Protein chains: 2
Amino acid sequence: MTDISIRRLNASDSDFDIALAKLLAWEDSVDHQVNESVRHILHEVKTRGDAAVLEFTEKFDRLKVGSVAELEMGQDRLQKALGAIPQDQRVALEKAAERVRDYHERQNQASWQYEDDDGTVLGQKVTPLDRAGLYVPGGKAAYPSSVLMNAIPAKVAGVGEVIMVVPTPDGVVNDMVLAAAAIAGVDRVFCVGGAQAVGALAYGTETIPAVDKIVGPGNIFVATAKREVFGTVGIDMIAGPSEILVICDGKTDPDWIAMDLFSQAEHDEQAQSILISPDADFLDAVEASINKLLPTMERADIIATSMTDRAALIHVADLSEAARVSNRIAPEHLELSVEDPDSLVGEIRHAGAIFMGRYTAEALGDYCAGPNHVLPTSGTARFSSPLGVYDFQKRSSLIGFSAAGADRMGRVASVLARGEGLTAHARSAEYRVREGQSDE
Amino acid sequence: MTDISIRRLNASDSDFDIALAKLLAWEDSVDHQVNESVRHILHEVKTRGDAAVLEFTEKFDRLKVGSVAELEMGQDRLQKALGAIPQDQRVALEKAAERVRDYHERQNQASWQYEDDDGTVLGQKVTPLDRAGLYVPGGKAAYPSSVLMNAIPAKVAGVGEVIMVVPTPDGVVNDMVLAAAAIAGVDRVFCVGGAQAVGALAYGTETIPAVDKIVGPGNIFVATAKREVFGTVGIDMIAGPSEILVICDGKTDPDWIAMDLFSQAEHDEQAQSILISPDADFLDAVEASINKLLPTMERADIIATSMTDRAALIHVADLSEAARVSNRIAPEHLELSVEDPDSLVGEIRHAGAIFMGRYTAEALGDYCAGPNHVLPTSGTARFSSPLGVYDFQKRSSLIGFSAAGADRMGRVASVLARGEGLTAHARSAEYRVREGQSDE
């Protein structure tokens, strides 16, 4: 294996801003053929229900059954999977689930209300979704950890029913995924995938119940279908390639940092790994570690492509400049591999998850630290948050006017409504004002 | 004016479910010509910046200026508008702003963190957006109340800069809108509208800064443009027609209820007004009030069309059935015009805003109760919330492992990562495990 060369940038270069923008550029390519195909599948599932689901499952997953009911995996099947997986994996899944549950319970939101001097009640009522759908990819990208990360916040939020869909091409079932579903408390599991699964969850069929929100990762067909059904149901984010940004003061073992960058790069060729340091010699040392360790990696080809095409080693004047560059990137994962992460974190404004200190490898957060591993990608941490309990709850405003409050505020509403030319609004308010100002 | 006839439904009818579904059916029509036009405008603004903004502003708003800078309204202009509007309107706007600010301050979210027994730190850091864009429609649908409802939550959230765009066709400026911007503390105002304004906010131009999220109502061009730029920036919801659902025990003045229904119907022909009551005679009385009051309304034509096409009077067995029907509708606005709203509200699971008791007209909430009037429409209250401070803040997960914690949890992560075939993840975690398990 010949050495790979990693792009170098220097924040003091005059063209740094342009080079950084080019490095980060990533656009979700719109594929018209995929769009057309997805629209067709959704239309068929919406209008023909179970029959369409069966046809597409036979076509795409080569799985022929007589009814959608046969595609359901009952709780006994999930329990069987839990019993079948190796003991160390079961213990690890249960430990991870416990920590994820514990963290997410702290995200639970409470309803509140208060009363003002007039006796007017104002508040916010928090309620869970009735039903959530969880898409889990099948085949090689089947990640039991994603089942935990998507299902547990929904259950903690109090969602009435969590319905999981997972494709089982050729009937191949992943026991780790089913075991994770059992541990997370998923209510029902259907072996359906692709756009047809998204359609079934969005519109409901005779057998698969319609849900209120669909979450979970998937390929381009699944992502496109989620975009299409948005509005009929809620969706979580549409994820781009995964990224890691490491800020290091130059005093962490360069092998550790190289492996942290690899842990992102091994996901796929488009994944992005960036290291920022004020220590130019350290950037050299990490590059040497990269080339030393690369041949030992199972996914060396994917890592080499990802690192060559999308990685960068960025030299900065100091850690404050590193934080400023990081804020422009708004990374999905940010490691602060520095002596005093508590002080540096104050300068960080945008990041999906922040891993503080040399011992906090991103991989720990991916599996079992507690916080969610579904995070905003491609700079969307500027305006969005990790998947959380709040994604499975919604709020209703509460307003209760006393007669006195309606009298006082009805006058204000009347002036504003008439200012906007909305006289039914004005008269509706005026009816509640004493002396019947509305008798005009 | 001849009497209008309002659709009647009875929840005990065998075809009620189908009739209700038909009543609620509303699909955002996709207009391919609008899509094409919007994509063209966005592309031009993205690639040519100010020059494209000037061209489209001249074309669509018949406003020819030499530079985008001339389209900016400075703070002095906003203050001048505040001085120019009638005193009662200024007082009403200021009173409304004060109540909206007071309510929204209670939505502010705090960062939190905790430490487990190993000394591992876990938490959630809450930060405001750097910059938010607020679209305000111009012309006849220019609502100063919407400026307050969109800008105040952003300011309360701590957004660094709030940029407002508002079209001024033929140079016509609405002083109430500018006065509301002054009161809400909007930082910069540009007289640009349509898809070109959305593009300028999403991508930035030489003069208009790029924002992180765009909120606010607009016509089909604006809504389509917001859908297109979603991902580059955050957006708020895409609103459908406005709706009100009134549940009444039959003991509120039927004129009040008729006017409450009108206050929704006057928005536009597609607005929806529904009344549910267990008292059939009361439904008759409200229909009589509707026909008595309709000729006295300024917007009688719009109201008549909306009520004929989309309104319904629904008879139910009791208030619990009313709540069940309401939960299926998941209305934007829900009035509980009943003797004991506190007891009924416990049965309500989905609604944008709940107006409790006979004195609480929806119009009070639209203007000055305090809660936001930007609410989820078309049944999306099943999974979404009123616009709030939380829409202008985002969260970052915090994870800080001690050496002991990394040792303990690194073992768990390693098992799970190897179970998923992600060995770089595993080895990254194993480096932090004592005894260097990674030396393989």
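In this text the structure is predicted, and so the values were computed from the model without any measurement.

(A) Quick look at the UniProt feature "active site" (unreviewed entry) in chain A. All names here are of chain A. Mapped onto the present numbering, the UniProt feature "active site" (unreviewed entry) falls on Glu332 and His333. Counting through the fold element by element, histidine 333 comes out in strand E13 (residues 333-337). For histidine 333, a relative accessible area of 2% gives the class buried. Discounting residues that sit within four places of it in the chain, histidine 333 has contacts with Ser242, Glu243, Ile244, Leu245, Gln264, Ala353, Phe355, Glu362, Asp366 and Leu375.

(B) Inspection of the sheet that holds strand E12 (residues 312-315) of chain A at higher detail. One open sheet accounts for nine strands, arranged E1(A)-E12(A)-E11(A)-E10(A)-E13(A)-E14(A)-E15(B)-E4(B)-E3(B); its pairing is mixed. Every other strand in the sheet has two partners, leaving strand E1 (7-10) of chain A together with strand E3 (112-115) of chain B as the edge strands with one partner each. Neighbouring strand axes in the sheet, compared pairwise and without regard to direction, differ in orientation by 20 degrees on average. One ladder, built from five bridges, connects strand E10 (residues 243-248) of chain A with strand E11 (residues 272-277) of chain A; its direction is parallel. For isoleucine 247 of chain A, the partnering residue across the bridge sits in E11 of chain A and is isoleucine 276 of chain A.

(C) A look at the sheet that holds strand E7 (residues 188-190) of chain A. All names here are of chain A. Spatially, six strands are ordered E2-E7-E6-E5-E8-E9 in an open sheet, and the strand pairing comes out mixed. Each edge of the sheet is formed by a strand with only one pairing partner; in this case those strands are strand E2 (72-73) and strand E9 (234-235). Pairing between strand E5 (residues 131-135) and strand E8 (residues 213-215): three bridges, direction parallel. In the strand pairing of E8, alanine 132 is matched with lysine 213. Against the sheet, helix H9 (residues 220-229) makes contact with E5, E8 and E9, and its axis sits at roughly 160 degrees relative to E8, the strand it touches most.

(D) Fine view of helix H1 (residues 16-24) of chain A. Residue and element names in this part refer to chain A. Looking only at H1, the buried set comprises Phe16, Leu20 and Leu23. Down the axis of H1, the buried set is contained in an arc of 60 degrees. They therefore lie on one face. In H1, the exposed positions that point more than 90 degrees away from the buried face belong to Ile18 and Lys22.

(E) Representation of the pattern of salt bridges in the model. Across all of its chains, the model carries 56 salt bridges over all chains by this definition. With a shortest N-O distance of 2.7 Å, arginine 382 of chain A and aspartate 212 of chain B are connected by a salt bridge. Of this pair, arginine 382 of chain A sits in the loop between helix H15 (362-367) and strand E15 (393-400) while aspartate 212 of chain B sits in the loop between helix H8 (194-203) and strand E8 (213-215), placing the two residues on different chains. Within this structure, Arg8, Asp284 and Glu287 of chain A form a network of salt bridges that share partners.

(F) Examining the interface of chain B and chain A more closely. In this assembly, 113 residues from chain B lie in contact with 112 residues from chain A. With both chains or domains summed, chain B and chain A bury close to 10,300 Å², and 57% of this area falls on carbon and sulfur atoms. Our count for the contact surface shared by chain B and chain A stands at eight salt bridges. Inspection of the chain B/chain A interface yields 66 residue pairs in polar contact (both at pLDDT 80 or more). Considered class by class, the residues forming the side of chain B that touches chain A number 53 nonpolar, 32 polar and 28 charged. Taken together, the three bridges between E15 of chain A and strand E14 (residues 353-356) of chain B define a ladder with parallel strand orientation. Bridge pairing in E14 of chain B links serine 397 of chain A to alanine 353 of chain B.

The rules we used
Residues numbered from 1 in each chain as written. Chains lettered and ligands numbered in written order. Predicted model: local features only at pLDDT ≥ 70, side-chain atom pairs only at ≥ 80, totals over all residues. Heavy atoms only, no water. UniProt positions renumbered as here; feature names shortened; annotations may be inferred. Helix = DSSP H or I, 4+ residues; strand = E, 2+ residues; numbered from the N terminus. Buried < 20%, exposed > 50% of the residue type's maximum accessible area, 1.4 Å probe, protein only. Contact = heavy atoms within 4.5 Å. Pairing = 2+ DSSP bridges. Axes fitted to C-alpha atoms, helices over the stretch in contact; angles between N-to-C directions. Arc of directions from axis to C-beta. Salt bridge = Lys/Arg side-chain N within 4 Å of Asp/Glu carboxyl O. Buried area = accessible area lost by both parts, 1.4 Å probe. Polar contact = N/O pair within 3.5 Å; in protein donor to acceptor, adjacent residues only side chain to side chain. Nonpolar A, V, L, I, M, F, W, Y, C, P; charged D, E, K, R; others polar.

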